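Overview (structure and organization)
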Amino acid sequence: MKKTLNILGAAAISAAVLFGSASCNNAQKNDANTATATDSTIVSAVPAGSIVFVDMTRLMAEYKMAVDMTAEMNKKIEGLEKPLLNKKTAAEKEIKRKQDNLQTKAKDFEDKYSKGHLTESAAQVKMQELQKLEQELNNYGVTKEQELAQEGAKVQAQINDELIVMNNVINDAINTFIQKYRAEKGYAMVLINQSDVDKTDKAMILNSLVLSADPALDVTTEVVAGLNAEYTPAK
């Protein structure tokens, strides 16, 4: 059940970090109204009007908010899963105990019966007892499996809800910053890229909005620096 927190994949964050203007005139007009300083120490060599891109793999690995929230989420997931894992372990131990008990009684019966130490009526009683133990074992296993499946589904749903909220918080922070950043720099558009996309898999390549670009148009370093400058860790 352990989750790999591959937060904000290309499909999930495209709406948050793909920004452009209907025309250069409208962009310049909107920029004048919406531009605010992101980080005065950041100087870009990319001219205004350019279409630039951000590597989301790098951004999510270096953005302090994403790193902190991911670490916190991992702890939360571990806390949610631990009681379920404990119940699963306890159920497995109990099933093993019941199995061992059944096997011991079955072996004892077979030994006595083969040596003629039991009457037919006594053997019938023992057989019925063994069948009852076997049925109880099967019922216990099915019941526990169903209970664990139901609890697991609830835990998974809670984890998914927590991940959605975390993604929304990070997504909103990136969204807000990129809007200001693009306006301040005067860029026509900011696209997203993923550096960990498998280049041998055409389907995966298409998940990235940047198939090929001049590395000089990569503004990830600037964006990460600006985001981290605005981020204040919770105390």
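Structure's up top.
Residues numbered from 1 in each chain as written. Predicted model: local features only at pLDDT ≥ 70, side-chain atom pairs only at ≥ 80, totals over all residues. Heavy atoms only, no water.

With that settled, the discussion passes to the packing of helix α5 (residues 120–185) against helix α7 (residues 220–230). One way to put it is that α5 packs onto α7 with a least axis distance of 10 Å and a crossing angle of 120 degrees. By the angle class used here, α5 and α7 are oblique. For the pair α5 and α7, the crossing hand works out as right-handed. For the pair α5 and α7, the contacting residues are Ala 173, Ile 174, Phe 177, Ile 178, Lys 180, Tyr 181 and Lys 185 in the first and Glu 222, Val 223, Gly 226, Leu 227 and Glu 230 in the second. (Axes fitted to C-alpha atoms, helices over the stretch in contact; angles between N-to-C directions. Helix = DSSP H or I, 4+ residues; strand = E, 2+ residues; numbered from the N terminus. Parallel < 35°, antiparallel > 145°, perpendicular 65-115°, else oblique. Left-handed = near helix turned anticlockwise from the far one by under 90°. Contact = heavy atoms within 4.5 Å.)

In terms of residue burial, strand β3 (residues 189–193) counts as a mostly covered element, since four of its five residues are buried. Judged from the five bridges that link them, strand β2 (residues 51–55) and β3 form a sheet pairing that is parallel. Residue pairing for β3: Val 52 is matched across the bridge by Val 190. (Buried < 20%, exposed > 50% of the residue type's maximum accessible area, 1.4 Å probe, protein only. Pairing = 2+ DSSP bridges.)

Take Val 219: it is sitting in the loop between α6 (202–205) and α7. Between the C-alpha atoms of Val 219 and Asp 55, which are 164 residues apart in sequence, the distance is 8.1 Å. If we ignore the near neighbours within four places in the chain, the residues touching Val 219 are Val 46, Val 52, Phe 53, Val 54, Tyr 181 and Tyr 187.

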